[in-house]
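# Breakdown of the fold
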Amino acid sequence: MPATVGRRTERLATVRRVTRGIDRRTVVRASVVTAVVYAAWLAVGAFGRPYNFFDMKIYHGAVVWWATGHELYGFVAPDTTLGFTYPPFAGLVMLPMAHLPVEAAGLVNAAASLAALAVVLAGLLRPIVDRLAWPLWFTVALAVPLAAAIEPARETLGYGQVNLLLFGLVMADMIGLRWRSRRGPHTDPEDGPLLRFVYSGAWAGVGIGLATAVKLTPALFIVYLMITRQWRAAVTAIVTTIGVTIGTFAIVGAESRTYFGSVLWQTERVGAADMTPNQSLAGLLARLYDSIETPGLLWLAFSVLILALGLSRAANSHADGDELTAFTLVGLTGNVISPISWTHHLVWVIPAIIVLADAAVRRREASRGLAHRTLPASPNGALPTVNGLRSPIWYPTLTGLRHGIAAVGLYLLFLISPIWPYEHQLPEVSHYQDGLFGALMENSLAVALIVLVAALPWRPGAEPAFYADRMGRVAAARR
């Protein structure tokens, strides 16, 4: 008995020592993260659709078919009319998964996509959380499940798509451009050659080039780099795309000739334009006209207008020092003008939500700082007055409110995704079956994308000013 009591006392002492070393705030934050992950899981079950790696089964079947000596673009998935639609370079990248069961390939893709999402969110949120003195790990741990729960991410993960991976490649270039803009302060003689190369950002453009070689729509970012005269990144992206494409042609010439000679132009391989999950401008117009096909001239005219608007706003954002908003505007513009933009393509709403939320916080901070500097306090300690009137102490709180409401509203829209209860398919059912409200709901995501291209605010000097200030604080601390 004494021995048992002694062991129990020793165990209790050990537990006390461990718990004493754990910060109570860390325990609370871990509990909050657990609750958010669980809530995100419930939201996917409530608002998502049944997911069974549908697209991954097509990709997996195609590369297995190809690995056994058949033509890659001759594959048609059983019980469907769907086949492989990506460039042959994508087929080469996916070829190793032919050695895995389809469920394992889907899980590997989901894990890699979540890892890419976490890395991207860490890079995008780092300037914000450092400015606000929030812990990065806690912010990213909350952001990942929240982002994974909304329509584009959950569709990408559930169907086995590659959009988050391509998103990661493009945003890696944005972070590389950020590092290049401040490569002077970030150069450390103690860093090895590899770290100096990474932090120099000299590789910026490789991610966009690889993404373009896998899927052609990221080529719009090359146009943006040229418009903003970021020539080195633009040339790097172009050389990467051409080099990878030529290298693929040298390895699998037959598939390359088939893709660029015929498959690329067979738009019917991916589905009808009016299908509800196609939330591009082309899909919006087709549904508004209650037609399977998009009115071509009208789509072309509006696409040119939106392209000019999106690229010009992105260029202005870049000129004002907000590269994140510039990249977001380019991605959203690509979603709008593409003939087909399935809901899992719309991952650019994730940085759009971040931009809106940060704009709200910045405006509130600026308003509070201005009020503290300009409003004189009364001698008796009462509320500060201006022209004999009490100052509206609630005003700084309301500043930026519309941006905060926009961020929350945009998140809820893509979380609930109201297009699915009103999904219709011609010729069996008209898109106006549920009236004008049903038509609006069926097109709600497309409308939101167009509004974002036209009205997403940018934050002048957001990152350059922050990093200059941060480096100044670091130098002062060292002194």
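Residues numbered from 1 in each chain as written. Predicted model: local features only at pLDDT ≥ 70, side-chain atom pairs only at ≥ 80, totals over all residues. Heavy atoms only, no water.

## A word on the pattern of salt bridges
This structure, assessed with the given rule, holds 7 salt bridges. Ionic pairing is found between glutamate 155 and arginine 49, a salt bridge with its closest N-O pair at 2.8 Å. Here arginine 49 lies in the loop between helix H2 (24-47) and helix H3 (54-67) and glutamate 155 lies in helix H7 (residues 151-159), a separation of 106 residues in the sequence. The exposure class of arginine 49 is partly exposed, given its relative accessible area of 24%. For arginine 131, the salt bridge identified is with aspartate 358, shortest N-O distance 2.8 Å. Note that arginine 131 is positioned in helix H5 (residues 102-132) and aspartate 358 in helix H18 (residues 349-374), a separation of 227 residues in sequence. One salt-bridge network, in which partners are shared between bridges, spans Arg131, Asp322, Asp358, Arg362 and Arg459. (Salt bridge = Lys/Arg side-chain N within 4 Å of Asp/Glu carboxyl O. Helix = DSSP H or I, 4+ residues; strand = E, 2+ residues; numbered from the N terminus. Buried < 20%, exposed > 50% of the residue type's maximum accessible area, 1.4 Å probe, protein only.)

## What to know about empty space enclosed by the protein
Counting across every chain of the model gives 1 cavity of 30 Å³ or more. Size it by volume and the largest cavity reaches roughly 50 Å³. Along its surface, the largest cavity is lined by Pro87, Pro88, Phe89, Ala213, Val244, Thr245, Thr248, Ser256 and Phe260. When residues in the lining of the largest cavity are grouped by element, the largest group, 3 residues, is from helix H13 (residues 231-251). Per-class residue counts for the lining of the largest cavity are 6 nonpolar, 3 polar and no charged. (1 Å grid on protein atoms, 1.4 Å probe; cavity = no way out; pocket = protein on both sides within 12 Å on 5 of 7 lines; lining within 4 Å. Points joined across faces, edges and corners; volume = space filled by probe spheres on them. Nonpolar A, V, L, I, M, F, W, Y, C, P; charged D, E, K, R; others polar.)

## Observations regarding helix H12 (residues 219-227)
Along an α-helix, a turn takes 3.6 residues, which lines up residues three or four apart on a common side. When H12 is considered as a whole, its buried residues turn out to be Leu220, Phe221, Ile222, Tyr224 and Leu225. Just past H12, the residue arginine 229 takes up positive phi, approximately 60°.

## Details of the layout of surface pockets
As a volume, the second largest pocket reaches approximately 780 Å³. Counting only elements with at least two residues in the lining of the second largest pocket, the list comes to H5, helix H6 (136-149), H18 and helix H20 (401-416). Within the lining of the second largest pocket, the residues separate by chemical class into 23 nonpolar, 5 polar and 4 charged.

## Side note on H2
Here H2 is 24 residues long and its end C-alpha atoms lie 35 Å apart, about the 34 Å a rise of 1.5 Å per residue gives. Those residues of H2 not exposed but buried are Val33, Val36, Ala40 and Ala43. (Expected span 1.5 Å × (residues − 1).)

## Some details on the side chain of arginine 178
Here arginine 178 shows up in helix H8 (residues 163-181). Residue classification places arginine 178 among the buried residues on the basis of a relative accessible area of 7%. For arginine 178, the side chain forms a polar contact with the main-chain oxygen of glycine 123, separated by 3.0 Å. (Polar contact = N/O pair within 3.5 Å; in protein donor to acceptor, adjacent residues only side chain to side chain.)

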